[in-house]
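# A structural walkthrough
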Amino acid sequence: MNPNGNSPETQERTILEQINSLKREDETLYNILAVDVWALAKTMDEFHPGFWAAFMKNREKALKRFIAESVKNKPKDDERPPFLR
């Protein structure tokens, strides 16, 4: 027993329950955000046909630019294997 009177097994079970609860809450939030994004995109596409396609095209360009910048600014580590540099 520890100072607060719980056995290590009880503490471990409590911690695992809290972790699982946080995981479920995170998944719920993720799903809510996905529905919100979908609703926003659907609404924008109704007002401006082609909005979603243009958004995704711009997103792809921005992601490619971000990756290129990240690779360019990444410090070189000669100790890592070439495929991880």
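Here the structure is a predicted model, which is why all the values come from computation and not from measurement. (Residues numbered from 1 in each chain as written. Predicted model: local features only at pLDDT ≥ 70, side-chain atom pairs only at ≥ 80, totals over all residues. Heavy atoms only, no water.)

## Some points on the pattern of salt bridges
On inspection of all chains with the given rule, the structure shows one salt bridge. Residue Lys64 is joined to Glu60 by a salt bridge in which the shortest nitrogen-to-oxygen separation is 3.3 Å. Here Lys64 pairs with Glu60, and both are found in helix 2 (residues 51–73), just four residues apart, close to one helical turn. The exposed category is assigned to Lys64, whose relative accessible area is 55%. (Salt bridge = Lys/Arg side-chain N within 4 Å of Asp/Glu carboxyl O. Helix = DSSP H or I, 4+ residues; strand = E, 2+ residues; numbered from the N terminus. Buried < 20%, exposed > 50% of the residue type's maximum accessible area, 1.4 Å probe, protein only.)

## Observations regarding the packing of aromatic side chains
All chains considered together, the criterion is met by two aromatic pairs. The interplanar angle of 20 degrees and the centroid separation of 5.2 Å between the aromatic rings of Trp52 and Phe55 together place this pair among those described as stacked. Of this pair, Trp52 and Phe55 both sit in helix 2, three residues apart, which is roughly one turn of the helix. On the accessibility criterion, Trp52 (34% relative accessible area) is partly exposed. Here the aromatic cluster, defined as three or more aromatic residues joined through ring pairs, consists of Phe51, Trp52 and Phe55. (Phe/Tyr/Trp six-rings, centres within 6.5 Å; stacked < 30°, edge-to-face > 60°.)

Function-wise, these values are silent; they only describe arrangement.
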